[in-house]
Each structure stands twice: as structure tokens, then as C-alpha cells.
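Each chain, written out:
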Amino acid sequence: MAQQVNPALINPLIRVLSTAYWYRNELRDFLIVATGDRSLVFRYPWQDKSMSKRDLATALVHDLTQNQDKYRDVLVQLILTAADMPDPVSLKHLEDGARKYQMAREAIDVFHPMVEPYRKEQEEITEFQRRLQTQKDIDEFRRHTNQMIDDLKVKFLESEKMAAQPRGYALEGILNELFEVFNLESRRPFTAYGEQIDGSFTLSGTDYILEAKWQAKPIAAGDVTEFAGKVTRRLDNTLGLFISMSGFQKSVPDLVARTGRHSVLLMDGGDLMAVLDRRIALDELITRKKRHAAETGDIQLSAWTILGQL
């Protein structure tokens, strides 16, 4: 249970409430807004002229004070709202207005610094709630992302049963959706200067063009070097990602490395399955492959090798 409100605040609070509003309906409306509980405020006999504003304010505040197991948060909210109420300048227009305004102003000025501990408490609660909501948003985003990846895995497993051509089209769609899941700014297949490009995407400021194949046998070096030629005809900041579900012939990485600047990264079915199994994020996988290629010249770092290093 939270610590009870300091009793020294109660009488100054009542004084602020009873002096800052001259008309009881204005005090009543303020209390409704400040407590956020209309039914609570209307428990008190606002039409009973034998009860003064101070009597009504005292009754409500004392009830909140005596029942802090239920109303502590409401009491603290009332305290903070009363401390921050607008300057009661309208009192000046009443009979003997200058004196009424001075009394209210003095009550507020005395009360205002007394609530500082509760202001800090409220700020901490607000910050905690903000962080809690942020974490809830993160958790919901992760759940949504994981569900989308799981759905793509189902599509992928179903596509394995297809004939070659529809299987290739299915892979194209799966990859495009996967790029969207990881916010890789993907672009679907297009033709540029007579060359068919299976797609493109951007990751960390680097543009990639894509080649994706799902054949019965591993890809030979000739297919990769031909793709590397397409890449080198783009701007210097462009790299290529060649995805082969059947993998690559063992000689491919060495043969491609001899052609000059490394401009292509290789990804196989095992890499894709590691992503669809949610073992590694696609953007992290590509980033790690790129870094490894820059440091070692090896353009075919496996996702499972990376996972073994974690």
C-alpha cells in the first residue's frame, strides 16, 4: 500500500478550494474535473444552503483522506490539480473582490510548494506508465512480426511441394514479404537496360539488387559471375544478394573472388530457413555477411556459423 498523504496538506487544500471559487457550482464543477468522478462529488448536498463551500470541500477532502486505501490516487490528483489551478482573477470582479482575491492567492501560494513531493511522485508514475506502454508496444510489435514470419514459413513449406515454375514465383513473393517485414525498402522485379532484376532493397544506406533461384542443383560459378556483372554496372554503393535455395557449388566463392571487387553476397536455403525459424533477423544476417566479406573476402558466411558464434 502506498504511503498516506501528508496530513499537513489537508487544511491548506481545503482553504484553497474554499477561497479560489466563490460560487459553489464553480467549486463543484472543478471538483468533478479534478477527481474525474462525478458520482463521488454528487454525494454531497450542493443544494443545501445551510452548508458552506468550506463545509462541502471539508467533507469531500476528509472522506478521501479517511479512505486512502480506495481514494489515495484521487486525493493526490485533486491536490496536484488544485496546486495548478488558474489564477482566480475573476474574484476581483466581486464585491470586496480585492480582499477575496488576496485570500485565494495567499492560500494557493502557500499550498503550491507543499505539493512538490507529490508532483515528483506523479512524474515518476507517468514515466513508469510511459515506459510500460512503450514496452507493451514493443512486445506487440514483436508478436506481430513473429506472426508474419511464422505465416511466411508456412507458405515456404507449402511451396516446397510445388512444381519448379510456380515454386519460383512463390519464392519471389515470400522474399518480397520478408523484406517488408524487416523494413528493407524492397522493390519488386523490374527490367533495367534490358537486364531482368529479381528485385532490390536498401539496408543501412546500401542498395542491393537481388537474384533468387530455386533449382534442383547447386548454382554454378557462371550464374554468379553473370549476376556480379549486373551489380558492377550499377553505382559503386550497390551490392548484390544471390539467393539459391539449392546452395552453390563449392568452387563458387573462390572463383567469384578472383573476378575482382567483391560485390555479391551468397545466401542459401539454410540461411533462409534460419530467418524463417526466427533464429536470426534477416537484416542482421545480411549485415553480418557483408561485414565478414569485407574483413575476410568470404562471401558465403552461413547463418548457422553466425549462430554458433553467439
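For the structure itself, look to the data block above.
Draft legend 1. The packing of aromatic side chains, seen in detail. The tally for this structure, following the rule as stated, stands at six aromatic pairs. A ring pair is formed by F227 and F242, whose centres lie 5.6 Å apart and whose planes are at 85 degrees; its orientation type is edge-to-face. Here F227 is found in helix 9 (residues 221–232), whereas its partner F242 is found in strand 5 (residues 238–244), with 15 residues between them in sequence. Accessibility assignment for this pair places F227 and F242 in one class, buried. Every member of this aromatic cluster is reached through a ring pair, and the members are F179, F201 and Y208. Lying over the aromatic face of Y101, K92 brings its terminal NZ or CZ to 4.5 Å of the ring centre. The ring centre of W22 lies 4.4 Å from the NZ or CZ of K100, which sits over that ring.

Draft legend 2. Highlighting the environment of Q66. Structurally, Q66 is set in helix 4 (residues 53–66). Residue classification places Q66 among the exposed positions, given a relative accessible area of 63%. Sequence separation of Q66 and S18 is 48 residues, and the distance between their C-alpha atoms is 20 Å.

Draft legend 3. Structural detail: the nonpolar core. V224, L272, L282 and I286 are the most contacted members of the largest nonpolar core, which totals 50 residues. Element by element, the count of residues in this core is highest for helix 8 (residues 164–181), at six residues. Those residues in contact with I286 that sit more than four places away from it in its chain are L184, F201, L203, Y208, L241 and L265. V16, Y71, V76 and V115 belong to the second-largest nonpolar core, a separate cluster that totals 38 residues.

What counts and what doesn't
- Residues numbered from 1 in each chain as written.
- Predicted model: local features only at pLDDT ≥ 70, side-chain atom pairs only at ≥ 80, totals over all residues.
- Heavy atoms only, no water.
- Phe/Tyr/Trp six-rings, centres within 6.5 Å; stacked < 30°, edge-to-face > 60°.
- Helix = DSSP H or I, 4+ residues; strand = E, 2+ residues; numbered from the N terminus.
- Buried < 20%, exposed > 50% of the residue type's maximum accessible area, 1.4 Å probe, protein only.
- Lys NZ or Arg CZ within 6 Å of the ring centre and 35° of its normal.
- Core = buried A, V, L, I, M, F, W, Y, C linked by side-chain atoms within 4.5 Å.
- Contact = heavy atoms within 4.5 Å.

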